[in-house]
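Structural overview
Each chain, letter by letter, is given below.
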Amino acid sequence: MDDVPVEGETETYTRTFTDEDVEQFSDLSGDRGSHHEAAAGNDRMVHGLLTATLPTKIGGDMDYIARTMRFEFHRPVYVGEEITCESTVEAFESHETRHEMAASFVCRSEDEEIVLDGQTEGVIFR
């Protein structure tokens, strides 16, 4: 990996979840809570762990392998809401066979309301 992250560097990813996303995640996870199934459109709640795929997408772009992840869900996300996740490298240390990294992330609604935040620690293998 030639382009390694740098402490303080921030990456951003934006996504709007759809009814189809929620249905597919329900099929994959087996989570069919009525709050995910009963409504459709803007009243349908997105799974918390589906929302948590936003910071994992950013990590995946870096070939980052998480050892730990901590999530705090501040409020539900609903189908049709645009959510932006910003992830910041808090610490980065290179070793012979790997890079160790700690990052924080915050996901906000289009109204700038925090819906999810947390931290992660893990590695990027060389």
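Our subject is the structure listed above.
Residues numbered from 1 in each chain as written. Predicted model: local features only at pLDDT ≥ 70, side-chain atom pairs only at ≥ 80, totals over all residues. Heavy atoms only, no water.

For the rest of this paragraph, the subject is the environment of Thr 12. Along the polypeptide, Thr 12 turns up in strand 1 (residues 10-16). On the basis of relative accessible area, Thr 12 is assigned to the partly exposed category, the value being 47%. On a C-alpha basis, the gap between Thr 12 and Glu 90 in space is 15 Å, while along the polypeptide they are 78 residues apart. Excluding anything up to four places from it in sequence, Thr 12 contacts Ile 58, Thr 84, Cys 85 and Glu 86. (Helix = DSSP H or I, 4+ residues; strand = E, 2+ residues; numbered from the N terminus. Buried < 20%, exposed > 50% of the residue type's maximum accessible area, 1.4 Å probe, protein only. Contact = heavy atoms within 4.5 Å.)

To continue, consider helix 4 (residues 53-61). Residues spaced three or four apart along an α-helix face the same direction, because each turn holds 3.6 residues. Buried within helix 4 are the following residues: Leu 54, Pro 55, Ile 58 and Gly 59. All buried residues of helix 4 project into a common sector of 140 degrees when viewed along the axis, lining one side. Looking at the buried residues of helix 4, the elements they touch are strand 1, helix 3 (48-51), strand 3 (65-73), strand 5 (82-94) and strand 6 (98-109). (Arc of directions from axis to C-beta.)

Now for the pairing of strand 7 (residues 114-125). Here strand 3 runs beside strand 7; their pairing, made up of eight bridges, is antiparallel. Bridge pairing in strand 7 links Ile 65 to Val 123. Both strand 6 and strand 7 contribute to a ladder of eleven bridges, which runs antiparallel. From the neighbouring strand, Val 106 faces strand 7, where its bridge partner is Asp 117. Taking the residues between adjacent antiparallel strands as the criterion, strand 6 and strand 7 are bridged by four residues, where Glu 112 takes a positive phi near 70 degrees. (Pairing = 2+ DSSP bridges.)

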